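Take a look at the letters that make up each chain.
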Amino acid sequence: MGGGARELAGYLAALGGWVAALAAAALPQWRQSSYAGDAIITAVGLHEGLWMSCAAQSTGQVQCRLHDSLLSLDVHIQTSRALMVISLLLGFFGIIVSVVGMKCTKVGEEDPVTKSRIAVAGGVLFVLSGLCTLAAVSLYATQVTYEFFRESTVPINARYEFGSALFIGWGAASLTVLGGSLLCCSCPAKERRGQQYYRQSQPSTAREPPVKMSSSPIRGEQCL
């Protein structure tokens, strides 16, 4: 795969991952009601996310309510919120920087080395964005798993399990990290080019061998 095609594939993968991370952050299905157990209650399904909690009735009516207070939320929700916001900001700047540094754009094409460095910087931003998304989703999933298996008087069908937004977040993190890694492969081999230029610019130090003069006398005149 050529350099331009690799950059384009990485950019599209990272862009898709960023859009998926945005959708995961906005969705309220980070955890949902568990239907495990003997007595399954299907009349009302509860969903909770980073910003709101919803109740879906069997008739199809859905009621959502935003979280009332920021400070009253659990620590894992606040941390996941902050990580997702940081991830989206890093990804947004990565989109802008990568467009400038990609070979398929005309911006700064007179200096290909600097242009490649800008593409690498965009890839690094995408990788950091994917890692933040992965950390946020994994932290939330860890807390959901802990509360589900914790010894409690709450029945299993009244507990929560993984929601669809967590799986979207894991997929988004994978795409973003993959795309950023492909963009980071645009790093130019500057040192190798510099060594070639240095070798070509060096003058030749080999001296030409001196011309040996003949020591035999010239037979110009002969006795008449």
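Reading the values: the criteria
- Residues numbered from 1 in each chain as written.
- Predicted model: local features only at pLDDT ≥ 70, side-chain atom pairs only at ≥ 80, totals over all residues.
- Heavy atoms only, no water.
- Pairing = 2+ DSSP bridges.
- Helix = DSSP H or I, 4+ residues; strand = E, 2+ residues; numbered from the N terminus.
- Axes fitted to C-alpha atoms, helices over the stretch in contact; angles between N-to-C directions.
- Contact = heavy atoms within 4.5 Å.
- Core = buried A, V, L, I, M, F, W, Y, C linked by side-chain atoms within 4.5 Å.
- Buried < 20%, exposed > 50% of the residue type's maximum accessible area, 1.4 Å probe, protein only.
- Parallel < 35°, antiparallel > 145°, perpendicular 65-115°, else oblique.
- Left-handed = near helix turned anticlockwise from the far one by under 90°.
- Nonpolar A, V, L, I, M, F, W, Y, C, P; charged D, E, K, R; others polar.
- Salt bridge = Lys/Arg side-chain N within 4 Å of Asp/Glu carboxyl O.
- Disulfide = S-S within 2.5 Å.
- Polar contact = N/O pair within 3.5 Å; in protein donor to acceptor, adjacent residues only side chain to side chain.

Student: Help me understand the sheet that holds strand β3 (residues 52–57), please; the structure alone is not making it clear to me.
Tutor: In a beta sheet, neighbouring strands are held together by backbone hydrogen bonds and run either parallel or antiparallel to one another. On the basis of which strands lie adjacent, the open sheet formed by 5 strands has the order β4-β3-β2-β1-β5 and antiparallel pairing. In this open sheet, the two strands that pair with only one neighbour each are β4 (62–66) and β5 (160–162). Sheet twist, expressed as the average angle between the axes of neighbouring strands with direction ignored, equals 25°. Sheet analysis places strand β2 (residues 44–48) next to β3, joined by 5 bridges and oriented antiparallel. Bridge pairing links Glu-48 to Ser-53 in β3. The strands that helix α3 (residues 112–149) touches are β1 (31–33), β2 and β5; relative to β5, the one it contacts most, it runs at about 140°.

Student: What should I look at first to understand the nonpolar core in this one?
Tutor: One broad rule of soluble globular proteins: the nonpolar side chains tend to lie buried together. Trp-30, Leu-50, Met-84, Phe-126, Tyr-140 and Leu-166 are the most contacted members of the largest nonpolar core, which totals 24 residues. Those elements that place two or more of their residues in this core are α1 (3–26), α2 (75–101), α3 and α4 (164–184). Per-element tally for this core: the top contributor is α3, with 6 residues. In this structure Leu-166 touches Gln-29, Trp-30, Val-137, Tyr-140 and Ala-141, once residues within four positions along its chain are discounted.

Student: Honestly, the packing of α3 against α4 in this entry has me stumped. Any pointers?
Tutor: Pairs of packed helices are described in terms of their axes, by the angle between the two and the distance that separates them. At their nearest, the axes of α3 and α4 sit 7 Å apart, and the two run at 160° to each other. When the axes of α3 and α4 are compared, the pair comes out roughly antiparallel. The handedness of the crossing between α3 and α4 comes out as left-handed. Across the contact of α3 with α4, the residue classes break down as 16 nonpolar, 9 polar and no charged.

Student: How should the pattern of salt bridges be read in this particular structure?
Tutor: Any two side chains of opposite charge can pair if their charged atoms end up close together. One pass over the full model with this rule turns up 2 salt bridges. Salt-bridge contacts for Glu-48 lead to Arg-31; the nearest nitrogen and oxygen are separated by 2.6 Å. Placement of the pair is Glu-48 in strand β2 and Arg-31 in strand β1, with a sequence separation of 17 residues. Here Glu-48 and Arg-31 have matching classes, each one buried.

Student: Which parts of the structure should I look at to understand the state of the cysteines?
Tutor: Here a disulfide denotes a covalent bond joining the sulfur atom of one cysteine to the sulfur atom of another. Applying the stated criterion across every chain, the model contains 1 disulfide. Here Cys-54 engages in a disulfide with Cys-64; their sulfurs sit 2.0 Å apart. Of note, the bridge from Cys-54 to Cys-64 carries an S-S torsion of about 105° and is right-handed in sense. Taken together, the residues span a long stretch of sequence, with Cys-54 in strand β3 and Cys-64 in strand β4 at a distance of 10 residues. On the basis of relative accessible area, Cys-54 is assigned to the buried category, the value being 7%. Among the cysteines around Cys-185, which has no disulfide bond, Cys-184 carries the closest sulfur, lying 7.1 Å off.

Student: Help me understand the pairing of β2 in this model?
Tutor: Strand residues, when the strand is regular, have side chains that alternate between the two faces of the sheet. Bridge analysis of β1 against β2 gives 2 bridges, and the strand direction is antiparallel. Paired with Arg-31 across the bridge in β2 is Glu-48. Following β2, the chain reverses through 3 residues before pairing antiparallel with β3.

Student: What exactly am I supposed to notice about the side chain of Thr-176 here?
Tutor: As for its position among the elements, Thr-176 is in helix α4. On the basis of relative accessible area, Thr-176 is assigned to the buried category, the value being 3%. The residues contacting Thr-176, other than those within four sequence positions of it, are Ala-13, Ala-14, Gly-17, Trp-18, Phe-126, Ser-129 and Gly-130.

Student: Explanation requested: the side chain of Glu-48 in the structure shown.
Tutor: Residue Glu-48 is classed as buried on the basis of its relative accessible area, which comes to 17%. Within the local environment of Glu-48, its side chain forms a polar contact with the side chain of Tyr-160, the two groups lying 3.4 Å apart. Among residues more than four places away in sequence, those in contact with Glu-48 are Pro-28, Gln-29, Trp-30, Arg-31, Ser-53, Tyr-140 and Tyr-160.

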